[in-house]
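# Fold and contact review
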Amino acid sequence: MTSIGIQPLITFTPPGERTAPSPAEARGIPRDEVRLLVADGDRLRHTHFHDLADHLEAGDLVVVNTSQTVNGEADALWSGVGRAAREVVVHVAMDLRDDTWVVEVRTAPDASRAVLDAIPGQTVTVAGVATLTLLSPHPRTGSPTGEGNRLWRAAYSGGVPLRDVLDRVGRPIAYGYLDRRYELTDYQTIFGTTPGSAEMPSAARPFTPEVVTRLVSRGVGIAPVLLHTGVSSQETGEEPQPEWFEVGESTARLVNSTRAAGGRVVAVGTTVTRALESAVDGPAGRALLRAGSGWTERVVTREQPPRIVDGLITGWHDPQASHLLLVESIAGVELAQSAYDEAVVQGYRWHEFGDSALFLPARAEAVAA
């Protein structure tokens, strides 16, 4: 169960052998050739991502994340407070903008497990010059096992800015299901303009200029928001961490005019949904999007559903991941369960380089009819 007191109702066993081990291009297909399962009302349809425009309507608005992925992983030495130096991998999740950073210590050499027995005062040193001193759990004590702690707020000391060190000796955050390491360029989306995400806003990875051109030519709008992702909740049952978001005036106007004209607001990923729903003013049915920025702890769930977002483009999430709460809140539990069951049976690929889903719940007027 997540620490927000609720767990997903969707149940499934993902086919482990179908986890995407590499980017689409490394598997011999264009990135927009990944499969797309369209869950529209009560129908499930199989297609490919390059046909996305065929399943949206003129007047709809697709909202994308302009955050760019940065190198967030590096080899390091963990030591101090009664511990001999030990080789680890550090994941640098985010800059808290107060001279401290959020970090996660993981086992070497492949970051396969979180290190949960670190304590305040211990240090993690990258490249012999960049030292992170663990201060306190962030944002509160949390562990997938119920013991120890996974994410830390850490103070940085070094003669070179930490981001410069990571740009030089770091690499993209990766997990053990990939067949090898991939370049930072493989972790970028076509919308990324502002560096800051520790992990790729992966729902947008299948977009190409051709996909965007087809959307725009069909009368579907595109608007940007920014949300810098931290490390994903790879461990079962953990809630999303606070993340920095920005919603601009022009996007707020586009979203509000789209809804007023009867169009749908389709979020590309859980990051966009979180950003949008963090800037909403007013109750459901009369909600308006306002320009704003800051740290968000908004967690979209069945009990706290979205007020602005009508549809979702997303990848496939692991069982009990907190992201499933968001999927359920937009799609409804029944449609989400049907889609996940179908994805398992049809062998869809999981994780950041995998296949996609488009959730478009039935419009309220259609349900009433």
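Remember, predicted model here, so these are calculated numbers, not experimental data.

Position of Arg-86 among the secondary structure elements: in strand β6 (residues 86–95). With a relative accessible area of 32%, Arg-86 lands in the partly exposed category. Note: C-alpha distance between Arg-86 and Ser-278 (192 residues apart in sequence) is 40 Å. Residues within four places of Arg-86 in sequence aside, it is in contact with Ala-76, Leu-77, Trp-78, Thr-107 and Val-115.

We now examine helix α4 (residues 270–277). The buried count for α4 comes to eight of eight residues, which makes it a mostly enclosed element. The complete set of buried residues in α4 reads Thr-270, Thr-271, Val-272, Thr-273, Arg-274, Ala-275, Leu-276 and Glu-277.

This part is about the sheet that holds strand β8 (residues 123–126). Ordered in space as β5-β6-β7-β10-β9-β8, the six strands form a closed barrel in which the pairing is antiparallel. Each strand of the sheet is rotated relative to its neighbour by a mean of 45°, with strand direction disregarded. Where strand β7 (residues 100–107) and strand β10 (residues 151–157) come together, five bridges link them in antiparallel fashion. Bridging from a neighbouring strand, Val-102 pairs with Arg-153 of β10. Each of β5 (73–79), β6, β7, β8, β9 (130–137) and β10 touches helix α1 (residues 162–169); the most contacted strand, β9, lies at about 115° to it.

Turning to its location among the elements, Pro-109 is positioned in the loop between β7 and β8. The exposure class assigned to Pro-109 is exposed, which follows from its relative accessible area of 63%. As for Pro-109 and Gln-122, which are separated by 13 residues in sequence, their C-alpha atoms are 20 Å apart. Those residues in contact with Pro-109, other than ones at most four positions away along the chain, are Val-89 and Arg-181.

How each quantity is defined
- Think of each chain on its own: its residues are numbered from 1, step by step along the sequence as written.
- Where totals are concerned, whole chains, interfaces and linings use all residues; where local detail is concerned, this predicted model gives features only for residues with pLDDT of at least 70, and gives and counts side-chain atom pairs only at 80 or more.
- Note: side-chain values were computed over all heavy atoms of the structure, leaving out hydrogens and water.
- Helix and strand definitions follow DSSP, with helices as H or I runs of at least four residues and strands as E runs of at least two, each counted in order from the N terminus.
- Burial classes: relative accessible area under 20% of the type maximum marks a residue as buried, over 50% as exposed, and values in between as partly exposed (1.4 Å probe, protein chains only).
- The contact definition used throughout considers only heavy atoms, calling two residues in contact when any of these lie within 4.5 Å.
- Here the rule is simple: two strands pair whenever DSSP picks up at least two bridges between them.
- Angular values range over 0 to 180 degrees, each being the angle between N-to-C directions of two axes fitted as lines to C-alpha atoms, with helices fitted over their stretch in contact.

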